[in-house]
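Survey of secondary and tertiary structure
Letter by letter, the chains look like this.
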Amino acid sequence: MDNMLEMYLYETNTLLEQLDELLIEAEKNKDFTTNDVNEIFRSMHTIKGSSAMMEFSTLMEIAHHIEDLFFYIRENGLDSMDESHKNELFNLMFQSTDALRSEVEKIENDEPLSTNIDSIITNINSFLEKISASEGSSSESNSAKEEKTADSTQPADEQKIAVINQELAGVPKSDLPYFIRINFEQGSGMEHLRAFMIVTALKDSDLQFEFYPNDVETNSESSEVIVENGFYIGLSSNKDVESALHVIKEQNSVETYEVIENASLKQDKPETPAPAQNSTSSESSSDSGSASASPAQKSSSAPAAAHNNTGNNTPVKQSLISVNLSKLDSLVAIVGEIVITESMVTSSPDLQNLKLDNFMKSARQLRKLTDDLQDIAMSLRMVPVAGTFQKMNRIVRDMKKKLNKDVRLTIIGENTEVDKTIVDSIGDPIMHIVRNSMDHGIEETAEQRIAAGKDPQGEIILSATHTGSEVIISISDDGQGMDPDKILAKAERNGILTKPAYEYSQKEILALLMLPGFSTNEEVTEFSGRGVGMDVVKKNVESVGGTITITSELGKGSCTTLKIPLTMAIADGMEVSVGNSMFTIPIANIRQSFKTKQEDVILDASGNEIIKCLDDFYPIIRVHELYNIETDVTNIEDGILIWVEAADKSYCLFVDDLLGEQQVVVKPLPPFLSNFNIKTSGISGCTILGDGNISLILDIRTLYAAFYNQY
Amino acid sequence: MSADTVQNTTNTVLEEGTPVSTERFLTFSSNGLNIGVSTNYVIEIITNHMITMLPLVPDYVKGIINLRGQIIPIIDIRLRMGKPSIDYTSSTCIIVLNINSIQIGIVVDDVQQVMDIDQSRISPVPVENQQELISGMVSSDMHSVILFLDCERLVETY
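What you see as residue numbers is a count from 1 along each chain, following the sequence as written. Whichever chain is written first becomes A and whichever ligand is written first becomes 1, with later ones labelled in order. It should be noted that, the model being predicted, local features are given only for residues of pLDDT at least 70 and side-chain atom pairs only at 80 or more, the latter also being counted only at that level, while totals for whole chains, interfaces and linings use all residues.

**Description of the overall build of chain B**
Numbering of helices and strands starts at the N terminus; helices are DSSP runs of H or I of at least 4 residues and strands are runs of E of at least 2. Scanning chain B from terminus to terminus reveals three helices and 10 strands. Starting at the N terminus, the α and β elements of chain B follow one another as α-β-β-β-β-β-α-β-β-β-β-β-α. Counting across all 158 residues of chain B, residues that qualify as buried make up 28%. Residues are treated as contacting if the C-beta atoms built from their backbones sit within 7 Å of each other. In chain B, the proportion of contacts linking residues at least 24 apart, taken out of those at least 6 apart, comes to 54%. The exposure scheme places C-beta atoms from the backbone and then counts, for each residue, the other C-beta atoms within 10 Å of its own, assigning buried at 20 or more, exposed at 12 or fewer, and partly exposed in between.

Here's what the structure looks like:
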């Protein structure tokens, strides 16, 4: 059951996300394509079906009504709506998807579903009424349809339909216009599987359809129902019916089939003859059969759209599977073990001084394979940032409406891949920054922008790029920029300045923005200025090992840049020894390592050692003193200095010796140790070396803090 | 040795007629005390493992070990209970415990045996002798007393 729920949530969330993207795209073009309409219809139908199965009736109801609405739109063509209707439809759709999403969230959090969904349903229904009323010409058929769709009880003047409905009490769906009833040869047996074969064949030919009984694949008892009543296939258009019949005719042991028209007219067509299908046979054999889902009269835009559809969707569905993240994690962990064990075996002391040509050859091969395996395992966790970026579209769209600012969001490099955990943790920071840009960055009115000589439409650029081991995400706007004087004044009022105001450089002033207790906006708005501000963003980014910088030019706009490591699971490290202990310093933090002489070391006023590197002075932190490790190397000339840098901290570490560079698999420290604030003592994790020993990974940023907290 | 053979405790009177629920305990010695820990928590006993020290932690946290790829923190039960430390000998063992899915290793002087103990015979520690980490005690034959380690307390957050 849990598993099903998980699948349900995954599927529904994915559909809602796709729907959101689609709506944003459609709204940009100010119009729906027939393809969009079909897509929405399909999504809603799936959500409705699976929600009904899981007995989430609110979700089912909402989806059901949207489906009805789009059924109407599909049948009557998009031209039946004028501009204002379309606008209203967009708002209505965003509202509805939000309602669906909030319900899904409730399911995720195990809260009871809301019972009062009348308002949203009334909205949908009244909109449906409005558009159907505006179309006078076909009002008769409309009202008939509306009646049918609005209350889910069927007209039921058709006995056949009633039969279907009776049989399918659990499936609240039979408003498709066409049904095909199939009877199998008597006594052919395994009717449900034969039916399922037809279903598969129809799916292969890209048709959109429903079938009853709908549990033929799993429920062998359904064969009795099929023997008795026949097997029903519901289709949405005449064209579909024809291509479906084409497929059905090729199936074995189909004795008879008939096409039943739903709604007002009933036309029993016993044994539809094979000819009269010259056009459709060519159609269904070619792949454009999917186009038949769209009404025939819309053929002008349909072929291209349908082509797009098959081009985009089909391969994606076939080449992606969803895997539980914890399974991936354990895979990565085991691969890490294999890599370590492999080097333990091949460099085993037992093999020293032995001449083992064949062994060495195999060992090299093994090493190559394990390296490949590791690369693949690591890449499994990499996902494109597109998902996170796409969500910003929606935020920009909503705020655009609320704040009445005209802004476009440009996304660059959305296919950049980042570790899954990192993608998850940068979503909120990016959202916060985008909101800030929308709220404070972009000028209040278009006039202000024109006066400043800018395009009346504001622009926010969201971009992601790779640089070696880091991904750089930047969010820039072409708004009014930040006024350093104002920031300084505000910071002074809030009492967060640590030195006289005039001593602050531009860079330092902008860094003030990210201090706790700073928010440039006086009043709290819906979107930003809630007191928790950039300091939280900074903390989030730093928790995944990233850094954040802000640049801004008054009147030109500002840019926030996040630098984030590609993955936290693997890192290049420098092994160093202090006494009997070994430590790993991330290569990314190391600027330089060098020997020094006693006379180059200077003592500052409080007796701390400092040293000059490239015209600047940096403190020396002796690791053996900080961590109370016994070592023979206490003379600064005997050991080695490593100049390290992290965020805005730069200093030199004094260690006994460098042992070499190595790629290490980062392992978190056991949770038990968090009792002892191990994270603030400058150790971020550990790694297992080739010989099975453990090396502690130093966190250059917190180590500096640990050093100064000692005094 | 079976706990049922011991009849000279005050608790036996209360037991008559009630079903006997026994639990299996691993006993070890530390600083001359016999301490038992429920085998439900015990994963394995290891010896001679290289412990990697951690900086800036209380002295009873000896460090971490690599147990077949898993990183397990090690605490010295002597130091944890405020007793003097001794040098590790060949009989010094690490008992690896899994307490509410937190894995932890404890350094003990010597591992003794596994025994079944009737839970109803476990009596609380007298108030005036209360000691951290001990949840109860039972007297066994040979005039010895077994104390029970409060495992949950051991991994509690502070």
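After presenting the structure, the write-up continues.
**Looking at the overall build of chain A**
Of regular secondary structure, chain A possesses 22 helices and 23 strands. The proportion of buried residues among the 711 residues of chain A is 35%. Relative to all contacts within chain A whose residues are 6 or more apart in sequence, the contacts with residues 24 or more apart total 70%.

**A short note on the pairing of strand 17 (residues 609–613) of chain A**
Residues and elements named next belong to chain A. For two strands to count as paired, DSSP must find a minimum of two bridges between them. Bridge count between strand 16 (residues 601–603) and strand 17: three bridges; the pairing is antiparallel. Bridging across to strand 17, Ile602 finds its partner in Ile610. The antiparallel hairpin formed by strand 16 and strand 17 contains five residues in its connecting segment, where Gly607 sits at a positive phi of about 85°. In terms of strand pairing, strand 17 meets strand 18 (residues 616–622) through four bridges, oriented antiparallel. Note that in strand 18 the partner of Ile611 across the bridge is Tyr618. Linking two consecutive strands that pair antiparallel, namely strand 17 and strand 18, is a turn of two residues; a positive phi of about 45° is found at Leu614 within it.

**Topic: the nonpolar core**
By size, the foremost hydrophobic cluster in this structure holds 68 residues, and its most contacted members are Ile95 and Ile106 of chain B. Here Ile106 of chain B is in contact with Ile75, Ile77, Ile94, Ile95 and Leu97 of chain B, once residues within four sequence places are set aside. Counting residues in each nonpolar core, the second largest holds 37 residues, with Val396, Ile442, Met482 and Ile548 of chain A among its members. A set of buried Ala, Val, Leu, Ile, Met, Phe, Trp, Tyr and Cys residues, joined to one another through C-beta atoms within 7 Å, is what we call a nonpolar core.

**Quick look at unusual backbone geometry**
Residues and elements named next belong to chain A. Of note, the phi angle at Leu614 is positive, near 45°, even though the residue is not glycine. For Leu614, a count of 8 C-beta atoms within 10 Å gives the class exposed. You will see that Asn628, though not glycine, has its phi angle at about 55°, which is positive.

**Things to note about the packing of helix 3 (residues 57–76) of chain A against helix 4 (residues 83–108) of chain A**
All names here are of chain A. Between helix 3 and helix 4, the least distance of the axes is 10 Å, while the angle of their chain directions is 160°. It follows that helix 3 is roughly antiparallel to helix 4 by the angle criterion. Here the hand of the crossing between helix 3 and helix 4 comes out left-handed. Here helix 3 contributes Thr58, Leu59, Ile62, Ala63 and Ile66 to the contact with helix 4, which in turn contributes Ser96, Ala99, Leu100 and Glu103. All axes are obtained by fitting lines to C-alpha atoms, using only the stretch in contact for helices, and the reported angles, taken between N-to-C directions, cover 0 to 180 degrees. Orientation categories follow fixed angle ranges, with anything under 35 degrees roughly parallel, anything over 145 roughly antiparallel, 65 to 115 roughly perpendicular, and all other angles oblique. Each helix crossing is assigned a hand: it is left-handed if the near helix lies turned anticlockwise from the far helix by less than a right angle, otherwise right-handed if that turn is clockwise.

**What to know about the environment of Asp371 of chain A**
Mapped onto the fold, Asp371 of chain A is located in helix 14 (residues 357–380). Separated by 35 residues in the primary sequence, Asp371 of chain A and Gly336 of chain A place their C-alpha atoms 10.0 Å from one another.

**As for the sheet that holds strand 3 (residues 42–46) of chain B**
Working definition: the strands of a sheet are paired by backbone hydrogen bonds and lie parallel or antiparallel to each other. Residues and elements named next belong to chain B. Overall, mixed pairing links the five strands, which are arranged 3-6-7-5-4 in an open sheet. A single partner strand is all that each edge strand has here, and the edge strands are strand 3 and strand 4 (61–67). Neighbouring strand axes in the sheet, compared pairwise and without regard to direction, differ in orientation by 30° on average. Both strand 5 (residues 70–76) and strand 7 (residues 102–108) contribute to a ladder of three bridges, which runs parallel.

**Considering the sheet that holds strand 19 (residues 640–646) of chain A**
Residues and elements named next belong to chain A. Read across the open sheet, the six strands follow the order 15-19-20-18-17-16; overall the sheet is mixed. Looking at which strands have only one partner, the edges of the open sheet turn out to be strand 15 (590–594) and strand 16. Between one strand axis and the next, the sheet turns by 35° as a mean value, whatever way the strands run. Of the strand pairs in this sheet, strand 18 and strand 20 (residues 649–655) are connected by three bridges, and their pairing is parallel. Pairing of Ile621 across the sheet is with Leu653, part of strand 20.

**What to know about helix 16 (residues 420–441) of chain A**
Expected span of a helix, by definition, is 1.5 Å for each gap between consecutive residues, and there is one gap fewer than residues. Counted at 1.5 Å a residue, the expected span for helix 16 of chain A with its 22 residues is 32 Å, and the 30 Å between its end C-alpha atoms agrees. The reported bend at a residue is simply the angle between two axes, fitted to the 7 residues ending at it and to the 7 residues beginning with it. At Ile426 of chain A, helix 16 of chain A shows its maximal kink, close to 35°; a proline, Pro429 of chain A, follows between one and four residues later.

**A short note on the packing of helix 15 (residues 386–403) of chain A against helix 16 of chain A**
Residue and element names in this part refer to chain A. Helix 16 packs onto helix 15 with a crossing angle of 25° between their chain directions and a minimal axis gap of 10 Å. The angle between the axes of helix 15 and helix 16 places the two elements in the roughly parallel class. Where helix 15 crosses over helix 16, the two elements pack in a sense that is right-handed. Facing helix 15, whose interface residues are Thr388, Lys391, Met392, Ile395, Val396, Met399 and Leu403, helix 16 presents Val423, Ile426, Gly427, Ile430, Met431, Val434, Arg435, Met438 and Asp439. Taken together, the residues of the contact of helix 15 with helix 16 break down into 11 nonpolar, two polar and three charged. Just so you know the grouping, Ala, Val, Leu, Ile, Met, Phe, Trp, Tyr, Cys and Pro go in nonpolar, Asp, Glu, Lys and Arg go in charged, and all remaining residues, Gly too, go in polar.

**Some points on helix 2 (residues 34–54) of chain A**
An ideal rise of 1.5 Å per residue puts 30 Å on 21 residues; helix 2 of chain A measures up with 30 Å between its terminal C-alpha atoms. Remark: Glu55 of chain A follows helix 2 of chain A within two positions and exhibits a positive phi of approximately 65°.

**Describing the confidence of the model for chain A**
All names here are of chain A. The predicted model of chain A averages 74 in pLDDT, with 78% of residues at 70 or higher. Every residue gets a pLDDT, meaning the predictor's confidence in that residue, from 0 to 100. Here residues 136–173 scores under 50 on pLDDT; set against residues more than four positions off or in separate chains, the count is 45 contacts. A low-confidence stretch, residues 522–531 stays under pLDDT 50, and its non-local contacts, those more than four residues away or across chains, total 15 contacts.

**Focus: the environment of Leu207 of chain A**
Locating Leu207 of chain A in the fold gives a position in the loop between helix 8 (191–204) and strand 2 (209–212). Note: C-alpha distance between Leu207 of chain A and Leu235 of chain A (28 residues apart in sequence) is 8.6 Å.

**Considering the confidence of the model for chain B**
Residues and elements named next belong to chain B. Across chain B, pLDDT averages 79, with 84% of residues at or above 70. Averaged pLDDT values over the elements of chain B bottom out at 43 in helix 1 (residues 12–15) and peak at 91 in strand 6 (residues 93–99). Every residue in residues 1–16 is under pLDDT 50, and counting partners more than four places away or in other chains gives 18 contacts. Scored as a whole, the predicted complex attains pTM 0.50, and scored at its interfaces, ipTM 0.79.

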